[in-house]
Amino acid sequence: MSQPDLHHNFTPGPERLKAMLERMLLIRRTEEQLGADSRSGELPGNVHLCAGQEAIAVAVCDHLSDDDYVGSTHRGHGHFLAKGGSAKSLIAEVHGKSSGACGGLGGSMHVTDLSKGMIGANGIVGGGIGLAAGAALSAQVAGQGQVAVAFFGDGASSQGILSEVMNIAVLWKLPLLLVCEYNGYSEFSASATVNAGEIADRARAFGMPTEVIDGNDLEAVWAVAAVAIDRARKGEGPSFIEAKTYRLRGHLEAEDGFLQAPYRSEDEIDQWRTRDPIPRLAQRLVELSALTATDIEALEANVAAEVKDALQFAHESEPPGMERVLSSVFVDQRP
Amino acid sequence: MSQPDLHHNFTPGPERLKAMLERMLLIRRTEEQLGADSRSGELPGNVHLCAGQEAIAVAVCDHLSDDDYVGSTHRGHGHFLAKGGSAKSLIAEVHGKSSGACGGLGGSMHVTDLSKGMIGANGIVGGGIGLAAGAALSAQVAGQGQVAVAFFGDGASSQGILSEVMNIAVLWKLPLLLVCEYNGYSEFSASATVNAGEIADRARAFGMPTEVIDGNDLEAVWAVAAVAIDRARKGEGPSFIEAKTYRLRGHLEAEDGFLQAPYRSEDEIDQWRTRDPIPRLAQRLVELSALTATDIEALEANVAAEVKDALQFAHESEPPGMERVLSSVFVDQRP
Amino acid sequence: MVKMRLTQAINAAYFEEMERNERIVLFGEDVEVSMFGDTRGLHAKFGSKRVRNTPISESAMTGMAVGAAMAGTPTICHLMFSNFALTGFDGIANQAAKLRLMTGGQARLPVTFVAAIGAGTSTGAQHSDTPYPMFMNLGGINIAVPATPADAKGLMKSALRGFNPTIFLLPRVRGATAGEVSEDPDFLVPYGKASVLQEGTDITIVAIGSCVNHAVRAAKALKEDGVSVELIDPRTLVPLDTDTIVASVRKTGRLVVADEARDRCSAASHIAAVVGDEAFSSLRAPIKRVTAPNIPMPYAPALERALLPDPEKIVAAAMLTMAG
Amino acid sequence: MVKMRLTQAINAAYFEEMERNERIVLFGEDVEVSMFGDTRGLHAKFGSKRVRNTPISESAMTGMAVGAAMAGTPTICHLMFSNFALTGFDGIANQAAKLRLMTGGQARLPVTFVAAIGAGTSTGAQHSDTPYPMFMNLGGINIAVPATPADAKGLMKSALRGFNPTIFLLPRVRGATAGEVSEDPDFLVPYGKASVLQEGTDITIVAIGSCVNHAVRAAKALKEDGVSVELIDPRTLVPLDTDTIVASVRKTGRLVVADEARDRCSAASHIAAVVGDEAFSSLRAPIKRVTAPNIPMPYAPALERALLPDPEKIVAAAMLTMAG
Ligand SMILES: Cc1ncc(C[n+]2csc(CCOP(=O)(O)OP(=O)(O)O)c2C)c(N)n1
Ligand SMILES: Cc1ncc(C[n+]2csc(CCOP(=O)(O)OP(=O)(O)O)c2C)c(N)n1
Ligand SMILES: [Mg+2]
Ligand SMILES: [Mg+2]
């Protein structure tokens, strides 16, 4: 099958790269805070952190406006912030406060900001794929050049809904970008034990432009996403990106509580630490003479202040009341 | 991806071909009877006939014993008879009689004969794929060299469960043969309007031996199935066959009652009539000097007698009583 | 007023609302051909952008319908038989019913799932379910079960103008019954308002979907025996107009609920529980449920008939209640 | 007798029955690691032939489990959270619950679906459902909801020795409560036999799953107020031991049902409907249901607590009933 190539040498330029570096840092530091809050027992529920995977969300979302849609996963904090959601509303949500993105009714696995086109993290593996494809249909019918992106994991790739959506998206030429965040694990199972063949080949079988890239190389993700999203906007249909990455934290923060033995080696984790997309992009910007050590300190300080503010905001906010619940089930109707 | 080749020049020999010709004839004439009974209003429910597609079921099942499993579809009469089910129990079932395969509780879309390893027609498109894969798992655990075959349509190929099953079957090396009966239509939709790309490519993506063949050429189906089933028996895992065919009858017998316009041309149907697998195999046997016109008459007479007997049997049988229902929900437990 | 069948009434509702609101889209397997007739002519009129045949992919269909709705496109997802809603259940049960709550009220979900319910034509266990009790338990999705062409049209039009996820169920055996339907383009039937088909004093009969017709006949027969029936069709099961039902039973003191669903955790059970609680002191006899037994539906026609509610069973239950 | 937690009791049942019957297989996502602990150690003991991690593919998992069972292999399909059973619902609702009937009784279906139910740990709406009412309406599948380690073990062992499809649900918040469990390898708990946890004369409380513990505490509190409670745990919802419940209410004249499921078409509704019918003349007060409201579960802990049944709510309902 000869399919259009997504590979081009587009590049965002240093200023945009710097903004993306800051976004990645914001994700990392926000999640570090949430991870600490989870481990200390301050948070209800579970949190799944995306540390190490930030480049994918940030690079892809850099091409999107608030009118475009992103469907996400149980590991959705990064997508939420990359799509323009605020650290305040994220942290407050995960802390279960009424000032949170979903008024404290959703929690970590459901962070959503429709005003930013972030149609939600989703607790059902594969759920966000269907929703994003629906948003792409809506975009197509509206005819304003909007696009939708579905982020999902390598584990999620074995859900039948992905195959169903790929088929429909190609048939209907939906303005959809499917982004598989291949971090090598589905919970505690190594990907090779739960995925036969190459995931990207499944997309190719439907006749979709498909690329496999280094997901920790922000520029590479950015360049491929540029082409895919441009194609979608022009009505040329869906594309598929398989971005190889790694999660530097556990599947969920609480996992040490029930794991009997490690499911991945310290060595492997250490190896991937050296490929962390954040220092990697910083290094690259230094090489481009677009960033100094002082700049990095300033970025870190900005981000730290934002996270601190957000945390304080969450702490000072009230938990949601029952009235909020009762008005959030139906529109103009009591449950 | 380099995958094992299923193509070989195995051939069944004239005696076996003659037996298969008779089996195809039995399916055709049995279904003609059921079609007539349906159109005359004598039958409850709907019937979906497989006229034109018989070669696939018969050739594949020729390699199977009663210990092997077949999972089928809403269009399952052919699979039922090909797997060794009797015309009596089929016709009685579709007539809703207690002497039917399922005691008249299942009907046309659920004909099942577990004593023959026919684990059932299924009213849910895609349902039989999951069941057959489960039977393959059972076979693998039992370790006796049994295999399972899932028959399904081109329309069913877009169900996510197929993708899920292909993935698991490859990972677990299940003794499973997936047979896509590509008849060009999913109900009233031309396949190209509901299937992107080539269906066989989807199977290839998982790393499964896959062949696309002429499903109306019984010998071709037989040869490919021989290799695939042999591989499965030897523990070498699943295979995929896409068999191009055509249904000479409507999607269901009652369709003229609601169709406003034809969804396929008379021309197309006529064209495919010339490729009918039954005269085609008969012709081939004549060419091989293995069959005479008298032989054909004798076969037809045998089959006609069998169908007539079966119909009489059905007519003379009682409809099921309530006790049969109450004992058929749970084992050793009243519902 | 014009006389039409239930499926024609739904068809009319689609036409009117899709003309009124250009954003509405409809998709489903073979909706262009339209096996039931309710989507007939829509493709010719509104084209492939708004009316689409889908592959057989119920999981994607339900999920995509919800996503499209969330993104602002009112979406009709046609699922053919209600059993296929169970095949693609995640989009309904885990997404549609929950997303507005999970997003803290951000999401509006103008999505309408359409499917046929009920047995009676020997389509076998996998095409004969009446699963609204399961949907009722989901907690975040409206459910319409119209029994007349007028209600079908009015309820569909309301669903398509609203912003709540809705499951719209067609009682299959009622599809061919004709009735008068308003041609007023703004004829709407509200959700949560039961229809009192007949007032009476001796006994209340609540009937749902296919049972409404049976109950009408039962009420006629009972009248001949001197029993005055108050007949109520809830029309929507979520929201459920328990006020009207409870008020009626406070008056009559007796209740029979006729529901084609399986008995266990049925709509009939729930209505009986609510009335048994709220109208306790008015009850003069046990509340009787006329439902299907707790088994999958068999194929043979005589068995189907024996298992399904019918006028005779409703009369028998009512007489038992009158004797109580 | 040995003291263990509910998940340990299930683990012991798996071990004993998989040793006893070499054909039993178990699969599910990450059953080797075992997030809940119930499948811990099985892979090491029984190997990759019989204990398998699956990809995330709930549709295939449920369908395959049924197919394997039909082909003679008793199969445990571990679905983790019960919401994921809804993701792969076809295999349960359209296949497992119907295949024996559809095959005219040919099929034996020794398949056990395992999943956790319930809220209480802020896992959000998509991980907190208590969907047994939906499963109860399916009509062809057994349902176990053990509340004690002993019942968990005995019910699991019975399921694994039987030939009927079973949904085995673990009340999540009860997982950590310890209790005495028999070590007799043939210790079985029958399906359809309620457990009377405490005899009493004034009021019957039926409690299911996570509510059993609440009800025990409520009964203690009520005793201090001089109210004698008969406390019944049905243990299995299909089959449902209505005889025991009805007999109890005939004695006490009063009933409260505590059920963590959403109220509409809940198990509580159904039990109330059956008792309201069969024990009508014995009832001295309306039957009260202590259930969750008809909404998806929110995340914030205080809201979860406010919405779920607890001992106080059961006491309040009982007092209301006593006043009636
Ligand atoms: C339908 C469903 N099945 C199972 C789960 C449990 N679960 C949560 S995350 C996860 C693994 C997901 O792996 P992947 O898609 O690779 O995402 P990652 O966690 O690696 O980001 C599983 C099995 C779920 N949430 N939903
Ligand atoms: C889950 C489900 N969705 C939809 C249907 C309705 N339906 C019955 S047959 C059919 C088309 C099947 O097409 P294909 O798989 O190609 O088989 P064919 O009829 O051509 O043999 C459809 C959509 C169904 N029975 N089950
Ligand atoms: Mg992963
Ligand atoms: Mg076909």
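These numbers were taken from a predicted model, which means no experiment stands behind them.

Here is what the cut-offs are and how they apply
- Residues numbered from 1 in each chain as written.
- Chains lettered and ligands numbered in written order.
- Predicted model: local features only at pLDDT ≥ 70, side-chain atom pairs only at ≥ 80, totals over all residues.
- Heavy atoms only, no water.
- Buried < 20%, exposed > 50% of the residue type's maximum accessible area, 1.4 Å probe, protein only.
- Helix = DSSP H or I, 4+ residues; strand = E, 2+ residues; numbered from the N terminus.
- Pairing = 2+ DSSP bridges.
- Right-handed = clockwise from strand over helix to strand, strands pointing away.
- Axes fitted to C-alpha atoms, helices over the stretch in contact; angles between N-to-C directions.
- Core = buried A, V, L, I, M, F, W, Y, C linked by side-chain atoms within 4.5 Å.
- Contact = heavy atoms within 4.5 Å.
- Domains from an automatic or database assignment.
- Buried area = accessible area lost by both parts, 1.4 Å probe.
- Donors = N, O, S within 2.8 Å, 3.2 Å for Na, K, Ca; no water.
- Expected span 1.5 Å × (residues − 1).
- Arc of directions from axis to C-beta.
- Parallel < 35°, antiparallel > 145°, perpendicular 65-115°, else oblique.
- Left-handed = near helix turned anticlockwise from the far one by under 90°.
- Nonpolar A, V, L, I, M, F, W, Y, C, P; charged D, E, K, R; others polar.
- Salt bridge = Lys/Arg side-chain N within 4 Å of Asp/Glu carboxyl O.

(A) Region of the structure containing the pairing of strand 13 (residues 255-262) of chain D. All names here are of chain D. Of all eight residues in strand 13, eight are buried; the element is thus mostly enclosed. In this sheet, strand 13 lies alongside strand 10 (residues 203-207) in parallel orientation, the contact comprising four bridges. Bridge pairing in strand 13 places Ala 207 opposite Ala 258. In this fold, strand 13 hands off to helix 11 (residues 267-278), which returns the chain to strand 14 (residues 288-292); that crossover is right-handed.

(B) Summary view of the sheet that holds strand 13 of chain D. All names here are of chain D. Read across the open sheet, the five strands follow the order 9-11-10-13-14; overall the sheet is mixed. Strands with a single pairing partner mark the edges of an open sheet, and in this sheet they are strand 9 (195-198) and strand 14. Sheet twist, expressed as the average angle between the axes of neighbouring strands with direction ignored, equals 25 degrees. Bridge count between strand 13 and strand 14: four bridges; the pairing is parallel. Residue pairing across strands places Val 256 opposite Lys 288, the latter belonging to strand 14.

(C) Focus on the nonpolar core. In this structure, Leu 178 of chain A, Leu 178 of chain B, Phe 113 and Tyr 132 of chain C together with Phe 113 and Tyr 132 of chain D are the most contacted members of the largest nonpolar core, which totals 216 residues. Not counting chain neighbours up to four residues away, the residues in contact with Phe 113 of chain C comprise Thr 62, Ala 65, Val 66, Cys 77, Leu 79, Ile 92, Ala 96, Ile 141, Thr 166, Ile 167 and Phe 168 of chain C.

(D) Examining the domain arrangement of chain C more closely. Residue and element names in this part refer to chain C. Under the domain assignment, chain C is made up of domain 1 (2-181) and domain 2 (195-323). Placing the centre of domain 1 and that of domain 2 at their C-alpha centroids yields a distance of 26 Å. At the junction of the two partners, domain 1 supplies 25 residues and domain 2 supplies 25 residues. Buried surface at the junction of domain 1 and domain 2, both sides included, amounts to about 2100 Å², of which 58% is carbon and sulfur.

(E) Spotlight on the coordination of the magnesium ion (ligand 3). Residues and elements named next belong to chain A. Taken together, Asp 154 (OD), Asn 183 (OD1) and Tyr 185 (O) make up the protein donors of the magnesium ion (ligand 3), found 2.0 to 2.1 Å from the metal. Counting residues between consecutive donors of the magnesium ion (ligand 3) along the chain gives the motif D-x28-N-x1-Y. On the basis of relative accessibility, which here comes to 6%, the residue Asn 183 falls in the buried class. Looking at Tyr 185, the relative accessible area reads 10%, which means it is buried.

(F) Geometry of the coordination of the magnesium ion (ligand 4). Residues and elements named next belong to chain B. Of the protein atoms, only Asp 154 (OD), Asn 183 (OD1) and Tyr 185 (O) coordinate the magnesium ion (ligand 4), at distances of 2.0 to 2.1 Å. One chain supplies every donor for the magnesium ion (ligand 4), spaced along it as D-x28-N-x1-Y. Taken as a pair, Asp 154 in the loop between strand 2 (148-153) and helix 6 (160-172) and Asn 183 in the loop between strand 3 (176-182) and strand 4 (185-186) lie far apart in primary sequence, 29 residues in all.

(G) How the structure looks around helix 13 (residues 311-323) of chain D. All names here are of chain D. The terminal C-alpha atoms of helix 13 lie 18 Å apart, and with 13 residues this matches the ideal 18 Å at 1.5 Å per residue to within 8%. Listed as buried for helix 13 are Pro 311, Ile 314, Val 315, Ala 317, Ala 318 and Thr 321. Here the buried residues of helix 13 occupy an arc of 165 degrees about the axis, which is enough to place them on one side. Exposed side of helix 13, more than 90 degrees from the buried face: Glu 312, Leu 320 and Ala 323 are the residues found there.

(H) Layout of the packing of helix 9 (residues 210-224) of chain C against helix 13 (residues 311-323) of chain C. Residue and element names in this part refer to chain C. Direction vectors running N to C along helix 9 and helix 13 enclose 55 degrees, while the axes themselves pass 8 Å from each other. The orientation of helix 9 relative to helix 13 falls into the category oblique. The element helix 9 and its partner helix 13 pack so that their crossing is right-handed. Only Pro 311, Ile 314, Val 315, Ala 318 and Met 319 of helix 13 make contact with helix 9, whose side of the interface consists of Cys 211, His 214, Ala 215, Arg 217, Ala 218, Ala 221 and Leu 222. Here the residues of the contact of helix 9 with helix 13 sort into 10 nonpolar, one polar and one charged.

(I) Layout of the environment of Phe 80 of chain B. Residues and elements named next belong to chain B. Along the chain, Phe 80 turns up in helix 3 (residues 77-82). For Phe 80, a relative accessible area of 0% translates into the label buried. Residue contacts for Phe 80: discarding those within four places in its chain leaves Gly 85, Ser 86, Ser 89, Leu 90, Ala 101, Val 111, Thr 112, Asp 113 and Met 118.

(J) Broad picture of the pattern of salt bridges. Evaluated as defined, the whole model comprises 64 salt bridges over all chains. Across the pair Asp 129 of chain D and Lys 98 of chain C runs a salt bridge, and its minimum N-O distance is 2.7 Å. With Asp 129 of chain D in the loop between strand 5 (111-117) and helix 7 (132-136) and Lys 98 of chain C in the loop between helix 5 (89-96) and helix 6 (99-102), this pair bridges two chains. In this pair, the class of Asp 129 of chain D matches that of Lys 98 of chain C, namely buried. Of the charged contacts in the structure, one is a salt bridge between Arg 161 of chain D and Asp 186 of chain D, with a shortest N-O distance of 2.8 Å. Taken together, the positions of Arg 161 of chain D in helix 8 (residues 149-161) and Asp 186 of chain D in the loop between strand 8 (178-181) and strand 9 put the pair 25 residues apart, joining distant regions of the chain. Accessibility expressed as a relative area gives 47% for Asp 186 of chain D, which makes it partly exposed. Members of the salt-bridge network, linked through shared partners, are Glu 16, Glu 17, Arg 20, Lys 153, Lys 157, Arg 161 and Asp 186 of chain C.

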